[in-house]
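Listed below, chain by chain, are the residues.
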Amino acid sequence: MTKLRYKRTWLMGILLAILTFTTQPLVWGITDAEIISGLEAMGEWETAYPLAYQQAQKQDTYQAWRDVAVKYAKFDKHNQAYLKAWQHAYTLNQEDTYRDFLKLKPDSPLRVQAINALFKVVQTTGDMEKYQKFMEEFPDAVESIEALLKLRELAFEHA
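An account of the accompanying structure is given in this report. (Residues numbered from 1 in each chain as written. Predicted model: local features only at pLDDT ≥ 70, side-chain atom pairs only at ≥ 80, totals over all residues. Heavy atoms only, no water.)

### Considerations on the packing of helix H4 (residues 62-71) against helix H6 (residues 95-104)
Rules: The axes used here are C-alpha line fits, helices contributing only the stretch in contact, and every angle between their N-to-C directions lies in the interval 0 to 180 degrees. A run of H or I in DSSP becomes a helix once it reaches four residues, and a run of E becomes a strand once it reaches two; helices and strands are each numbered from the N terminus. Angular relationships are summarised with four words: roughly parallel below 35 degrees, roughly antiparallel beyond 145, roughly perpendicular across 65 to 115, and oblique for the angles in between. For a crossing to be left-handed, the near helix must be turned anticlockwise from the far one by less than a right angle; the clockwise case is right-handed. Pairs of residues are marked as contacts when any of their non-hydrogen atoms sit within 4.5 Å.
At a closest axis distance of 11 Å, the pairing of H4 and H6 adopts a crossing angle of 15 degrees. Compared by their axis directions, H4 and H6 come out roughly parallel. Remark: the crossing between H4 and H6 carries left-handed chirality. Here Tyr 62, Arg 66 and Val 70 of H4 come into contact with H6, specifically with Thr 97, Asp 100, Phe 101 and Leu 104.

In structure tokens form, the structure reads like this:
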């Protein structure tokens, strides 16, 4: 009976190793995303974090890193996922992406850089409404002064 129990434990260990380290969906169709979802559903967030991080590395998109940074903030000790999300946001250089990124960690030191990057995108549009919206959203930002000056300049040109 002990040999059977030993073999069963050994086989379960092998199966767990295959599930953990495989990069392709298994024959019976269990994907990494399904494993991660299952662990999350069981409340095993700490166990799911390395798998989710690994999946984000494979996908290497803003959304993937953003999701890991948000869902696993407690386990992302060195803000690695958050920093990867910032790198992708900066590379994408899109107004909506910067606005989304600013919501992730409002007190982050990267906030100043993200606001500045957002302002540069607004500048490229030359849109008065976007300057106005920027000033309303970030009244204390240094860039708001420049936005106000640009608004006056644009208003003068239109007059």
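### Describing helix H7 (residues 110-125)
For clarity, the threshold we go by: Expected helix span is computed as 1.5 Å times (number of residues minus one). Note on classification: 1.4 Å probe, protein chains only; a residue is buried when its accessible area is under 20% of the maximum for its type, exposed when over 50%, partly exposed between these limits.
The terminal C-alpha atoms of H7 lie 23 Å apart, and with 16 residues this matches the ideal 22 Å at 1.5 Å per residue to within 8%. Buried residues of H7: Leu 110, Ala 114, Ile 115, Ala 117, Leu 118, Phe 119, Val 121 and Val 122, and no others. Of the residues one or two after H7, Gly 126 is the one with positive phi, at around 65 degrees.

### Quick word on the pattern of salt bridges
The criterion, for reference: Any Lys or Arg side-chain nitrogen found within 4 Å of a carboxyl oxygen on Asp or Glu counts as a salt bridge.
By the definition in use, this model includes eight salt bridges. Its salt-bridge partner being Asp 32, residue Lys 58 comes within 2.9 Å of it at the nearest N-O pair. Here Lys 58 is found in helix H3 (residues 45-59), whereas its partner Asp 32 is found in helix H2 (residues 32-41), with 26 residues between them in sequence. The shortest N-O distance in the salt bridge between Arg 66 and Asp 67 comes to 3.9 Å. Since its relative accessible area comes to 32%, Asp 67 is described here as partly exposed. Beyond isolated ion pairs, a larger network of salt bridges with shared partners links Glu 95, Arg 99, Lys 130 and Glu 137.

### Description of the environment of Ile 35
By the element assignment, Ile 35 lies in helix H2. A relative accessible area of 18% places Ile 35 in the buried class. Along the sequence, Ile 35 and Ala 52 sit 17 residues apart, while their C-alpha atoms lie 9.5 Å from each other.

### Section: unusual backbone geometry
The backbone phi angle of Asn 79 is positive, close to 55 degrees, even though this residue is not glycine. Looking at where Asn 79 falls in the secondary structure, it is placed in the loop between H4 and helix H5 (80-92). Note on Asn 79: relative accessible area 29%, which makes it partly exposed.

### Quick notes on the nonpolar core
Quick reminder of the rule: Here, nonpolar core refers to any group of buried Ala, Val, Leu, Ile, Met, Phe, Trp, Tyr and Cys residues whose side-chain atoms link them within 4.5 Å.
Formed by 41 residues in total, the largest nonpolar core has its most connected members in Val 68, Tyr 72, Trp 86 and Phe 101. Sorting the residues of this core by element identifies H2, H3, H4, H5, H6, H7, helix H8 (128-137) and helix H9 (142-158) as the ones contributing at least two each. Ranked by residue count, the leading element in this core is H7, at eight residues. Once you skip the residues sitting within four places of it in the chain, Tyr 72 turns out to touch Ile 36, Glu 40, Trp 45, Ala 48, Tyr 49, Ala 52 and Asp 67.

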